[in-house]
Amino acid sequence: MIRVAVIGVNNIGNIHCRTYRQHPDTELAAVCDLLPERAEAAGKQHGVPAYTDLHEMLAKEQIDAVVVATAGVEKGSHHFAPVMAAIEAGKDVLVEKPISNRIEEARHMVAFAREKGVRLACNLNHRFAPAAYRAKELLTEGKLGTLLFLNMRLTINNPQDDTEWLHMRALHPHSIDVIRYFGGDIKRVQSFMTKAPGRLAWSTVSINMEFASGAVGHLTGSYDMSMKHPIECCEVAGNKGRLIIDNVYESMTYYPHHSNDLTVYRNPIFGGMQGFDDTFRQRINRFVGQIKAGDAPEAIEASGAEALAAQEVIEAAIRSHQLGGAPVDVPCGSR
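Now for a description of the structure that goes with this document.

What counts and how
Residues numbered from 1 in each chain as written. Predicted model: local features only at pLDDT ≥ 70, side-chain atom pairs only at ≥ 80, totals over all residues. Heavy atoms only, no water. 1 Å grid on protein atoms, 1.4 Å probe; cavity = no way out; pocket = protein on both sides within 12 Å on 5 of 7 lines; lining within 4 Å. Points joined across faces, edges and corners; volume = space filled by probe spheres on them. Helix = DSSP H or I, 4+ residues; strand = E, 2+ residues; numbered from the N terminus. Nonpolar A, V, L, I, M, F, W, Y, C, P; charged D, E, K, R; others polar. Core = buried A, V, L, I, M, F, W, Y, C linked by side-chain atoms within 4.5 Å. Buried < 20%, exposed > 50% of the residue type's maximum accessible area, 1.4 Å probe, protein only. Contact = heavy atoms within 4.5 Å. Salt bridge = Lys/Arg side-chain N within 4 Å of Asp/Glu carboxyl O. Pairing = 2+ DSSP bridges.

Once that is clear, we can look at the layout of surface pockets. Reported here for the largest pocket is a volume of approximately 1200 Å³. As for the largest pocket, its lining consists of 47 residues, and the residues nearest its centre are Ile 12, Thr 70, Ala 71, Lys 75 and Glu 96. At the level of elements, α1 (11-22), α3 (54-60), α4 (80-88) and α7 (166-183) are the ones that each hand at least two residues to the lining of the largest pocket. A class-by-class count of the residues in the lining of the largest pocket yields 24 nonpolar, 15 polar and eight charged.

Below you can see the structure in the form of structure tokens.
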């Protein structure tokens, strides 16, 4: 059994706790939160020791992996210290997204994990769905041919307006990770952003992309849409065919150029994914499976390095907007 500790036990942290309790190969070993009442409530709910001091928990408990589900500014400013402490202790780490809202911290985390030889993963869960797996298989099998373009849309309703860049840094690690999962490294970006009435944050964005492969792409993102309708769509096209993933996990359709017949993968009503939270289970299953298999840190899917690469793209897009829409190169270190 892989013994897991969860740091930060608010809403997302409790989803992690439940998932590790239910997983056949893991055991929830402890929880930790800076707020004593929250730590105690989670410990009581899940039947495990509760701590407010991470270092005390690491010293007292037998732990194999640490989940960092803290939040902070732009959902990422409280990740750095616990991730670094867990890496220093030699534990495998799964951190929520964004890996950090501060790019220098993200770079340091990834470099430190590499130095210590530990597995660092990120909960970039949108790629961990059967529809995405099937799409990736088609791409790998050459069914799309040479990649030409990729269009991505991720639009939700989120009234939070804490900082100017909250929408970009908190939501779009998911979008950029899906884009990179199918399209590979992104060479440069050009972005345009707008604010819905009354907004502080740049809450709706349009980002053009050039991939290292020569393909082109686009992301439309928004915090100003409805949650009553599909939130996400990804279209990947090459010179032999194209595919579309609808609403994260609901379906994937392949359109071959040479035929009128379509290939459709649909999420089954019975036995399939029942809701968005199941993407957590899918992502955690893969992380646990890779730990059990003894996969090397560099083989981890949706790794810290990939999360950093997504964050580099986001920071380049922010810079492009600050420059009035001028194209901005993505740092080579992210590719």
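Take the nonpolar core next. Grouped together as the largest cluster of nonpolar side chains are 40 residues, with contacts concentrated most on Ile 176, Ile 179, Phe 182, Ile 186, Val 189 and Ile 245. Apart from the residues within four sequence positions on either side, Ile 176 is in contact with Ile 186, Met 209, Leu 219, Ala 310, Val 313 and Ile 314.

Looking now at the pattern of salt bridges. Within this structure, the stated rule accounts for 22 salt bridges. The salt bridge involving Glu 104 is made with Arg 107; its shortest N-O contact spans 2.5 Å. Remark: Arg 107 and Glu 104 occur in helix α5 (residues 103-116); sequence separation between them is three residues, near one turn of the helix. We classify Glu 104 as exposed; its relative accessible area is 52%. According to the relative accessible area criterion, Arg 107 is partly exposed, its value standing at 30%. Here Asp 161 and Arg 199 are joined by a salt bridge, their closest N and O atoms 3.3 Å apart.

What follows covers the sheet that holds strand β5 (residues 92-95). Taken in spatial order, the six strands of this open sheet run β3-β2-β1-β4-β5-β6, and their pairing is parallel. Bordering the open sheet on either side are β3 (50-51) and β6 (120-122), each of which pairs with just one other strand.

Attention shifts here to empty space enclosed by the protein. All chains considered together, the criterion is met by two cavities of 30 Å³ or more. A volume near 40 Å³ is recorded for the largest cavity. Within the lining of the largest cavity, the residues separate by chemical class into five nonpolar, one polar and two charged. Within the residue set of the lining of the second largest cavity, elements represented by two or more residues are α7, β9 (204-211) and α9 (304-322). Residue classes in the lining of the second largest cavity are distributed as nine nonpolar, one polar and no charged.

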